[in-house]
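Next come the chains, spelled out residue by residue.
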Amino acid sequence: MNAPDKQTNNNAILSLLKMALFCKCPKCHEGKIFHSGFFTFELKEKCETCGFDLSRSDSADGPAVFLIFFLGFLLVPLALIVEVKFGWPVWLHVLIWGTLGLILTLGSLKPIKAFVIALQYKYRKSDWDDNPPPRV
Ligand SMILES: [Zn+2]
């Protein structure tokens with residue numbers, strides 16, 4: 001990969017991350033893809049801006065698995081470091097890390113799900129077209 005291709009690829013990844021952070025449509029980058037509400041993780045049927053059919057997306061358990069790995073690698077070492085340095089009681093660990101894990105999970109599940117959907121759209125666009133080519 002030469003330098004311009006690498007720069008283009010980096011810009012595409014940054015665009016995907018920005019779109020996922022704000023839970024925007026992978027096609028038009030404008031419409032919201034989730035129903036409103038902090039605890040609502042259900043996708044809309046279609047993009048409200050471009051009419052893109054979101055019902056074909058299937059992120060399955062991918063976002064939850066990414067989140068488990070990410071938060072596990074973030075919170076467990078932090079809890080171990082705090083235990084070694086400060087020796088907190090167990091109830092305080094449960095309270096702090098449990099609360100932090102819950103907040104981070106609820107706050108990042110939608111963006112991660114939007115990122116997985118954006119990746120699916122980017123790399124499997126033919127599956128999202130009205131007349132996809134037959135799979136070989
Ligand atoms: Zn759209």
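Residues numbered from 1 in each chain as written. Predicted model: local features only at pLDDT ≥ 70, side-chain atom pairs only at ≥ 80, totals over all residues. Heavy atoms only, no water.

1. Details of the overall build of the protein
Check the secondary structure of the protein and you find four helices and zero strands. Listing every helix and strand of the protein by position from the N terminus yields α-α-α-α. At 19 Å, the protein has a C-alpha radius of gyration far larger than the 14 Å of a compact globule built from 136 residues. Each principal axis of the C-alpha distribution contributes one length, and for the protein these read about 60 × 40 × 30 Å. With 136 residues in all, the protein has 26% of them scored as buried. Contacts in the protein between residues at least 24 apart in sequence constitute 52% of all its contacts with a sequence separation of at least 6. Approximately 9400 Å² of the protein is accessible, and the part contributed by carbon and sulfur atoms is 65%. In the protein, 15 positive and 12 negative side-chain charges are present, and the distance between their average locations comes to 6 Å. (Helix = DSSP H or I, 4+ residues; strand = E, 2+ residues; numbered from the N terminus. Rg over C-alpha atoms; globule rule 2.2 N^0.38 Å. Buried < 20%, exposed > 50% of the residue type's maximum accessible area, 1.4 Å probe, protein only. Contact = heavy atoms within 4.5 Å. Areas by Shrake-Rupley, 256 points an atom, 1.4 Å probe, with all protein chains shown as cover. Lys, Arg positive; Asp, Glu negative; His and termini not counted. Charge placed at Lys NZ, Arg CZ, Asp CG, Glu CD.)

2. Brief notes about the coordination of the zinc ion
Taken together, the protein donors to the zinc ion comprise Cys25 (SG), Cys28 (SG), Cys47 (SG) and Cys50 (SG), at separations of 2.3 to 2.4 Å. Mapping the donors of the zinc ion onto the primary sequence yields the spacing C-x2-C-x18-C-x2-C. The exposure class of cysteine 25 is buried, given its relative accessible area of 0%. The class for cysteine 28 is partly exposed, based on a relative accessible area of 23%. (Donors = N, O, S within 2.8 Å, 3.2 Å for Na, K, Ca; no water.)

3. With respect to the environment of tryptophan 97
Relative to the assigned elements, tryptophan 97 resides in helix H3 (residues 90-123). Along the primary structure tryptophan 97 and leucine 75 are separated by 22 residues, whereas in three dimensions their C-alpha atoms are 7.1 Å apart. For tryptophan 97, the residues in contact, after removing those within four places along its chain, are Leu75, Leu78, Ala79, Val82 and Trp88.

4. Things to note about the side chain of serine 57
Checked against the element boundaries, serine 57 lands in the loop between helix H1 (3-21) and helix H2 (62-86). Classification of serine 57 as buried rests on a relative accessible area of 12%. Within polar-contact distance, the side chain of serine 57 engages the backbone oxygen of leucine 54 at 2.8 Å. (Polar contact = N/O pair within 3.5 Å; in protein donor to acceptor, adjacent residues only side chain to side chain.)

5. A look at the nonpolar core
Ranked by size, the top nonpolar core spans 12 residues in total: Ala20, Cys23, Cys25, Ile33, Phe34, Leu43, Cys47, Phe52, Leu54, Ala114, Ile117 and Tyr121. A total of three residues in this core trace back to one element, the largest contributor, which is H3. Other than its neighbours up to four places away in sequence, isoleucine 33 contacts Cys23, Lys24, Cys25, Pro26, Glu42, Leu43, Lys44, Leu54, Ala114 and Ile117. (Core = buried A, V, L, I, M, F, W, Y, C linked by side-chain atoms within 4.5 Å.)

6. Observations concerning H3
A maximum bend of about 40 degrees is found in H3 at serine 108, where proline proline 111 lies one to four positions downstream. By the burial criterion, the buried members of H3 are His93, Trp97, Gly101, Lys110, Pro111, Ile112, Ala114, Val116, Ile117, Ala118, Gln120 and Tyr121. (Bend = angle between axes of the 7 residues up to and from the residue.)

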